[in-house]
Structures are given as C-alpha cells and as structure tokens.
Amino acid sequence: MKKGVLMINTSRGEIIDTNALFEGIENGIIGGAGIDSFENEQEVIYIDHNYNAIKNRDLLILKAYLNAIVTPHADFYTDQVSYDMVHCSLESLKNLVNNQECRYQLN
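Heads up: these notes are all about the structure in this document. (Residues numbered from 1 in each chain as written. Predicted model: local features only at pLDDT ≥ 70, side-chain atom pairs only at ≥ 80, totals over all residues. Heavy atoms only, no water.)

1. Section: the overall build of the protein chain
To keep things clear, this is the line we draw: Working definition: helices are DSSP H or I runs of at least four residues, strands are E runs of at least two. Numbering for both runs from the N terminus. With C-alpha atoms as the basis for the radius of gyration, the globule rule is written as 2.2 Å multiplied by the number of residues raised to the power 0.38. Summary of the burial criterion: residues with accessible area below 20% of their type's maximum are buried, those above 50% are exposed, and those between are partly exposed, where the area comes from a 1.4 Å probe applied to protein chains only. We call two residues in contact when some of their heavy atoms are within 4.5 Å. Throughout, the Shrake-Rupley method with a 1.4 Å probe supplies accessible areas, and for residues the shown protein chains are the sole cover considered. We treat Lys and Arg as the positive residues and Asp and Glu as the negative residues; His and chain ends play no part in the count. Working definition for charges: the position is that of NZ of Lys, CZ of Arg, CG of Asp or CD of Glu.
Looking only at helices and strands, one finds three helices and three strands in the protein chain. Across the protein chain, helices and strands are ordered from the amino to the carboxyl terminus as β-α-β-α-β-α. Expected size for 107 residues packed as a compact globule is a radius of gyration near 13 Å; at 19 Å, the protein chain overshoots this value by more than 25%. In terms of principal-axis extent, the alpha carbons of the protein chain reach across some 60 × 40 × 25 Å. Counting all 107 residues of the protein chain, 27% fall into the buried class. Expressed as a percentage of contacts within the protein chain between residues at least 6 apart in sequence, the contacts between residues at least 24 apart total 61%. Here the protein chain has roughly 8,200 Å² of accessible surface; of this, 56% comes from carbon and sulfur atoms. Here the protein chain contributes 8 positive and 15 negative side-chain charges, whose respective centroids are spaced 4 Å apart.

Have a look at this one:
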C-alpha cells in the first residue's frame, strides 16, 4: 500500500482489522480514514449514549485521531430502503400464497 493512503470503509466493520488500522494511522502508512463501520460496532450502534459513557475502546481510539472521521452507519435508515423492504416482503408473501416463484426466497 502506498504511504499516506486514505482508508474508507462504508461496508462492514470486519473488512478492516481495527488494530492494523490503528497501527497504520500511527505509523503514517494510512494518511487518513473515513469509517462508518468497524469491528464490534454492535456494542455501540443502535444504543442511545446520551446519558452514559461509550465503553467501546476501538470507537474512542478512532475518534481521537485527527486524521480519522467516524460517522454513523445509517444508510439503512432511508425512506427508499424502508419502502423496498416492505415492498419485497409483501411481494414475496403474495407469490408464496399464490404458489408462484418468490424472487427473494432463500432455501
């Protein structure tokens, strides 16, 4: 990897080894990071932290780096995604009841 690379992860936290990311940032190999997903994020996301301390060490370290941006992994919460989930579910249910092919069925 080229020195100073920008590391972006907007998919799944397990894609990037968090400790390797820390090491890369601290050694200057990674020039910056944009993260909206990280390993063990389930301990942090979907929880209201307004009245308690965040105890996830990895998130606290990521947020401490001046060359890292940590944003919520919230693309799931859009009107289009919500509509698509309901539409696909109802379409599958209708097809299943009518003995038709269910495009989204998992076997």
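2. Thoughts on the pairing of strand β2 (residues 30-35)
Our working definition: We call two strands paired when DSSP finds no fewer than two bridges between them. Handedness of a crossover is defined as follows: with both strands directed away from the viewer, a clockwise route from the first strand across the helix to the second makes it right-handed.
For β2, the tally of buried residues reaches five of six residues, placing the bulk of the element in the interior. As defined by bridge partners, strand β1 (residues 5-9) adjoins β2 across five bridges and the pair is classed as parallel. Paired with Ile 8 across the bridge in β2 is Gly 34. Note that the unit made of β1, helix α1 (residues 18-26) and β2 has a crossover that is right-handed.

3. Things to note about the nonpolar core
Most often, soluble globular proteins keep nonpolar side chains buried together rather than apart. Let me state the cut-off plainly: Buried Ala, Val, Leu, Ile, Met, Phe, Trp, Tyr and Cys residues that are joined via side-chain atoms within 4.5 Å together make up what is termed a nonpolar core.
Grouped together as the largest cluster of nonpolar side chains are 14 residues, with contacts concentrated most on Met 7, Leu 21, Ile 25, Ala 33, Ile 35, Phe 38 and Leu 62. Listed by contribution, the elements that provide at least two residues to this core are α1, β2 and α2 (57-64). Leave out the neighbours within four places in its chain, and Leu 62 touches Leu 21, Phe 22, Ile 35, Phe 38, Ala 68 and Val 70.

4. Re helix α3 (residues 79-97)
Quick reminder of the rule: The span one expects for a helix is its residue count, reduced by one, times 1.5 Å.
Between the first and last C-alpha of α3 there are 27 Å, a value that for 19 residues agrees with the 27 Å anticipated at 1.5 Å per step. Directly after α3, the chain includes Asn 99, whose backbone phi takes a positive value near 55°.

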